[in-house]
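One letter stands for each residue in the lines below.
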Amino acid sequence: MKEIFTATVNKDQIWEMSHFHFHDPYELLFITGGSCSFLVEAELLHATRGTVLMMKSGLLHMSTSLPDAEYTRYVINFNPADLRPVNSEQTDLLAAFNAERPFLQLTEAEIARVEPLFRACEKKSEAYGSDIRRNLSFLELLITLGELVQEDRDDLVPAETESSRNYRRVKPVISYILEHPAENMSLDSIAARFNYNKHYLCRVFKTATGISVGKYIMSVRVQCAATHLRRGASVQESGVLAGYRNNSNFISTFKKVMGISPGQYGQQYRKRFEPD
């Protein structure tokens, strides 16, 4: 039977992403130990044991573990197109990913319900029937998460910290960059728009996000270009729509961030993720 997902258990004493990134497969992340600061688009989340994040293709995110305990989590990646044969009008298996707030903070009772499903997804065996049981566990997991996101919940409301206060100061800047990647923007123009001293903005932005304003703009523009490439736009058109005035600069920046050229990215995406 075709494997419709990959699953791993990751453990780190220290975990820190050096830049924002995104990926083409959908991702489920379930934290079982430690805690982590997560920046997902324009939201700052303090994720701890029981946090589940449901991330769609192209969602810009970055994470840093907090030094309180070993950071352990299950990570599942899959191609949403592989679920079309088993999706139904009554049951959308991607409901959790399409929720207004695609994250959950599970209670201990809910963890006891969900963790065995993650464990069954991660465990591989050559035994008769194990491949089908593993895929069934994955489908049951998606159904369970879909049920949980439909409940009236008040998840992930962290206590006020210095980090969250800094983030509140720069969140309007982050939202603006996310919403206007094609605009001709710079540190000076953004500081002027939000009435900040540029040196103050630089310091607070770096403290809140871990990267500079310039690197964040670059990450958002590459994400924007990748979105247009996935939708079938040409390399040149994708670069223009993402705010690049020079096609050569766009191609070199995209390759530096993604490891492949925009043209190769578009071809690989269509080959891997578009249904036959």
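Residues numbered from 1 in each chain as written. Predicted model: local features only at pLDDT ≥ 70, side-chain atom pairs only at ≥ 80, totals over all residues. Heavy atoms only, no water.

Q: I'd love a proper account of the packing of aromatic side chains, names of residues and values included.
A: Describing an aromatic ring pair means giving the distance of the ring centres and the angle of the ring planes. Per the stated rule, a full pass over the model turns up 15 aromatic pairs. Pairing Tyr26 with Phe97 gives two aromatic rings, centres 5.0 Å apart and planes at 45°, and the pair type is tilted. Of this pair, Tyr26 sits in strand 2 (residues 26-33) while Phe97 sits in the loop between strand 7 (71-78) and strand 8 (103-105), and the two are 71 residues apart along the sequence. On the accessibility criterion, Phe97 (2% relative accessible area) is buried. Three or more aromatic residues link up through ring pairs in this structure, and these residues are Phe5, Tyr26, Phe78, Phe97 and Phe138. Taking NZ or CZ as reference, Arg230 lies 5.9 Å from the ring centre of Tyr269, over its face. (Phe/Tyr/Trp six-rings, centres within 6.5 Å; stacked < 30°, edge-to-face > 60°. Helix = DSSP H or I, 4+ residues; strand = E, 2+ residues; numbered from the N terminus. Buried < 20%, exposed > 50% of the residue type's maximum accessible area, 1.4 Å probe, protein only. Lys NZ or Arg CZ within 6 Å of the ring centre and 35° of its normal.)

Q: Lay out the sheet that holds strand 4 (residues 43-47) in plain terms, naming residues and giving numbers.
A: The sheet built from three strands is open, its strands ordered 4-3-6 with antiparallel pairing. Only two strands of the sheet have a single neighbouring strand rather than two, namely strand 4 and strand 6 (61-65). Between one strand axis and the next, the sheet turns by 15° as a mean value, whatever way the strands run. In the sheet, strand 3 (residues 36-40) pairs with strand 6 via five bridges, with the strands oriented antiparallel. Each residue of the ladder has a partner; that of Val40, found in strand 6, is His61. (Pairing = 2+ DSSP bridges. Axes fitted to C-alpha atoms, helices over the stretch in contact; angles between N-to-C directions.)

Q: Please set out the environment of Glu3 residue by residue, giving values where relevant.
A: By the element assignment, Glu3 lies in the segment before strand 1 (6-12). Looking at Glu3, the relative accessible area reads 37%, which means it is partly exposed. In sequence terms Glu3 and Met258 are 255 residues apart; their C-alpha atoms lie 26 Å from each other. With residues near it in sequence (within four places) discarded, Glu3 still touches Lys124 and Arg134. (Contact = heavy atoms within 4.5 Å.)

Q: Give me the lowdown on the packing of helix 1 (residues 108-122) against helix 2 (residues 130-149), citing residues and values where you can.
A: Where helix 1 meets helix 2, the closest approach of the two axes is 8 Å, and the angle between their N-to-C directions is 150°. Considering their axes alone, helix 1 and helix 2 lie roughly antiparallel with respect to each other. Along this stretch, helix 1 crosses helix 2, giving a crossing that reads as left-handed. Counting all contacts with helix 1, which are made through Glu110, Arg113, Val114, Leu117, Phe118, Ala120 and Cys121, the residues of helix 2 involved are Arg134, Ser137, Phe138, Glu140, Leu141, Thr144, Glu147 and Leu148. Tallied by class, the residues present in the contact of helix 1 with helix 2 amount to eight nonpolar, two polar and five charged. (Parallel < 35°, antiparallel > 145°, perpendicular 65-115°, else oblique. Left-handed = near helix turned anticlockwise from the far one by under 90°. Nonpolar A, V, L, I, M, F, W, Y, C, P; charged D, E, K, R; others polar.)

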